[in-house]
Amino acid sequence: MSWPDLRDLLWEGIKETAWMVGVSTVLTAIGGLLIGVLLVLTARGGLLPARPVHAVLGLVVNVTRSLPFVILLVAIIPFTRALVGTTIGTTAAIVPLTIGAIPFFARLVETSIREVTPDVVAAAVAMGASRRQIVAKVLLREARPGLIAGLTITVVALLGYSALAGVVGGGGLGDLAIRYGYQRFETGVMVATVIVLIVFVQLVQSVGDLIVRLLSHD
Amino acid sequence: MIEINGVRKTYRSRRRTVVAVDDVNLTVGEGEIFGVVGRSGAGKSTLLRCANLLERPDAGTVTVDGVELTALGGRRLRDARHRIGMVHQHFALLSSRTVAGNVAFPMELTGVPRPERRARIAELLELVGLGDRADAYPAQLSGGQKQRVGIARALAVRPRVLLSDEATSALDPDTTASILELLRDLNKELGLTILLITHEMGVVKSICHSAAVMREGRFTESGEIPELLRRPGSELARGLFPLSAADAGPGETVLDVTVSGGGADEPLLAEVSRRFDLDLRILGGGVETLAATRAGRLRIAVPGAEITGPLDYLRSRGALVEVAS
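Small disclaimer: the values here were computed from a predicted structure and weren't measured. (Residues numbered from 1 in each chain as written. Chains lettered and ligands numbered in written order. Predicted model: local features only at pLDDT ≥ 70, side-chain atom pairs only at ≥ 80, totals over all residues. Heavy atoms only, no water.)

**Some points on the pattern of salt bridges**
If the charged atoms of two oppositely charged side chains come close together, the side chains can form a pair.
Part 1 of the argument: What the rule picks out here adds up to 22 salt bridges over all chains.
Part 2 of the argument: B:K9 is the partner of B:E55 in a salt bridge, and the nearest nitrogen-oxygen pair spans 3.9 Å. Placement of B:E55 in the loop between helix 1 (44–51) and strand 4 (59–64) and of B:K9 in strand 1 (residues 2–12) is noted, with a sequence separation of 46 residues between them. Like B:E55, the residue B:K9 is buried in the burial classification.
Part 3 of the argument: Notably, a salt bridge pairs B:R160 with B:E30, separated by 2.4 Å at the nearest N-O pair. Of the two residues, B:R160 is situated in the loop between helix 5 (143–155) and strand 7 (161–165) and B:E30 in the loop between strand 2 (17–28) and strand 3 (33–37); the sequence distance between them amounts to 130 residues.
Part 4 of the argument: By relative accessible area, which is 37% here, B:R160 ends up partly exposed.
Part 5 of the argument: Residue class for B:E30 comes out exposed when judged on its relative accessible area of 57%.
Part 6 of the argument: One salt-bridge network, held together by shared partners, links A:R107, A:E110 and A:R114. (Salt bridge = Lys/Arg side-chain N within 4 Å of Asp/Glu carboxyl O. Helix = DSSP H or I, 4+ residues; strand = E, 2+ residues; numbered from the N terminus. Buried < 20%, exposed > 50% of the residue type's maximum accessible area, 1.4 Å probe, protein only.)

Here it is, written out as structure tokens:
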């Protein structure tokens, strides 16, 4: 394959991957934070103990995490259609990516928040903080380095999942590597794609590490 | 200022029921420093957490600054808590905020406007002697400095009551002394009422006006320090002035003499010695200035078994005399 062709393919793949991973990261961050915080709050001894809610939420998270991503991708096709009106293409791939990543990130959020010492939470309660204030100003704020580290891991995982988006015609770099590199034996495309993916992962990890370092004051 | 009435707190686990606080009554007057001493597990921490309803008592009432906390919930309880400061054994500072940010925290909760907050932070940090560390993070501070931040934070919204949960237990002796000094100054200058729990007698000795001994969820004794010192068999008096076991010589009687208030500065023993022509031996003890009073406790050996005279004389002079052997 000629360089201009390869370049165009790569550029297209980069754009598709960036779009898929970018949008699903934002949605995952929101959903994961929400569920992670709920898991902590509703736990026994939490600020809003509710065992049934905690149990159901935990089960849903575990079930979703148990499904291999390819299966999830296919299994939720009806849901995807209802949500975005189509089941193929980059935007359609965002739905399963997000749904697959939310429980993963939610568990990381839960673990990070649990690291905040109960002492500090008790101090905030003693100062008359409301639940909302405790979540925003104590739990999420104190857990920030852990949350960012978790989000970094999640973005890299999303990058991995996104390779499978080709199954629903999602495109992206992973799809490129499979279609050209693997199925058509175009080793050049394969190598180029893999290099771009490595750079992607390195970039995400470095930026994540940097933010964590800036936020940590221990 | 703090009124705890018949408070009981029970923890139930699967098999066991533990009564952490068992029908405790406690009154702390305005401007008073009240210390609760006891071993770990005696229930003193639970008692303190009941004072601002971090733990809701199963029975009894808690009234602070005229507000019955046990009758409140939700928003009104939170409002009441704004007026009660608390310092913690492990400081409980927010690691993601600077010193200034930590002190600002309770003011943010109550919606104090930013310029006012800034002025108050400067004032408080000056008060606790950390004027130059406003931009440091807790991890960069020593234990004593962290506790000073904890105290500044507790005082930010001008509470009239401070609860201290083993505030000096994680600190070395010198730092402990300086933190206690700070608390004493705050008590004097701001009229701050302080309820503290500790396992160190030294804390009671250096700053408390009143104290209680807690064991298995109950107060075994409680009262003002001078009064406790005069109480025969007082555990607290023994704790404040530990007397080493000393053997009496042949034919000697050993007496424990406790004096407090003005009596501590009088040459009481010399008088006894002269009046009854006795050669007294001091076996141990000490005279010290406590927060509330001057007090001393001495173990002396008196020759002979017939000691009614000296005994009565010492008692008539206001000393507590116990025959040790």
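**What to know about a nonpolar patch on the surface**
Part 1 of the argument: A contiguous nonpolar patch, built from A:L67, A:V70, A:I71 and A:V74 and spanning about 300 Å² of accessible area, is present on the exposed surface.
Part 2 of the argument: The topology assignment puts A:L67 in the loop between helix 2 (51–66) and helix 3 (69–75). (Patch = residues over 30% accessible without salt bridge, like charges linked within 9 Å, V, L, I, M, F, W, Y side chains within 5 Å. Areas by Shrake-Rupley, 256 points an atom, 1.4 Å probe, with all protein chains shown as cover.)

**Here's the deal with the sheet that holds strand 11 (residues 252–260) of chain B**
Residues and elements named next belong to chain B.
Part 1 of the argument: Spatial ordering of the open sheet is given by 12-13-11-14, a layout of four strands whose pairing is antiparallel. Each end of this open sheet is capped by a strand with a single partner; those strands are strand 12 (281–289) and strand 14 (320–323). Neighbouring strand axes in the sheet, compared pairwise and without regard to direction, differ in orientation by 15° on average.
Part 2 of the argument: Of the strand pairs in this sheet, strand 11 and strand 13 (residues 294–303) are connected by nine bridges, and their pairing is antiparallel. Looking across to strand 13, one finds that D256 is bridged to R299.
Part 3 of the argument: Sheet contacts for helix 11 (residues 308–316): strand 11 and strand 14; angle to strand 14, the most-contacted strand, approximately 150°. (Pairing = 2+ DSSP bridges. Axes fitted to C-alpha atoms, helices over the stretch in contact; angles between N-to-C directions. Contact = heavy atoms within 4.5 Å.)

**Here we look at the layout of surface pockets**
Unoccupied space between atoms shows up once a probe the size of one water molecule is rolled over them.
Part 1 of the argument: Approximately 760 Å³ is the volume found for the largest pocket.
Part 2 of the argument: The set of elements that each furnish at least two residues to the lining of the largest pocket consists of helix 1 (3–42), helix 5 (90–114), helix 6 (118–126) and helix 7 (131–142) of chain A together with helix 2 (74–81) of chain B.
Part 3 of the argument: Considering only residue class, the lining of the largest pocket consists of 16 nonpolar, six polar and seven charged. (1 Å grid on protein atoms, 1.4 Å probe; cavity = no way out; pocket = protein on both sides within 12 Å on 5 of 7 lines; lining within 4 Å. Points joined across faces, edges and corners; volume = space filled by probe spheres on them. Nonpolar A, V, L, I, M, F, W, Y, C, P; charged D, E, K, R; others polar.)

**Examining the sheet that holds strand 2 of chain B**
Residue and element names in this part refer to chain B.
Part 1 of the argument: Spatial ordering of the open sheet is given by 2-1-4-5, a layout of four strands whose pairing is antiparallel. The outermost strands of the open sheet, each flanked by one partner alone, are strand 2 and strand 5 (67–68).
Part 2 of the argument: Inspection of the sheet shows strand 4 paired to strand 5 by two bridges, in the antiparallel sense. Residue pairing for strand 5: T63 is matched across the bridge by E68.
Part 3 of the argument: Across the sheet, helix 1 touches strand 1, strand 2 and strand 4, and the angle it forms with strand 1 is around 120°.

**Some words on the domain arrangement of chain B**
Residues and elements named next belong to chain B.
Part 1 of the argument: Looking at the assigned domains, one finds that chain B contains domain 1 (2–229) and domain 2 (241–323).
Part 2 of the argument: Centre-to-centre separation of domain 1 and domain 2, based on C-alpha positions: 38 Å.
Part 3 of the argument: Between domain 1 and domain 2, a total of about 760 Å² is buried, with carbon and sulfur atoms accounting for 70% of that surface.
Part 4 of the argument: Three residues stand out in domain 1 for area buried against domain 2, namely K205, P226 and L229, and they jointly supply 75% of the buried area on that side.
Part 5 of the argument: Remark: the boundary between domain 1 and domain 2 carries one salt bridge.
Part 6 of the argument: Between E288 and K205 there is a salt bridge, with its nearest N and O atoms 2.9 Å apart.
Part 7 of the argument: Applying the counting criterion to the domain 1 and domain 2 interface returns one residue pair in polar contact (both at pLDDT 80 or more).
Part 8 of the argument: At the level of elements, helix 7 (201–207) and helix 8 (225–229) are the ones that each hand at least two residues to the side of domain 1 that touches domain 2.
Part 9 of the argument: Residues of the side of domain 1 that touches domain 2, tallied by class, amount to five nonpolar, two polar and one charged. (Domains from an automatic or database assignment. Buried area = accessible area lost by both parts, 1.4 Å probe. Polar contact = N/O pair within 3.5 Å; in protein donor to acceptor, adjacent residues only side chain to side chain.)

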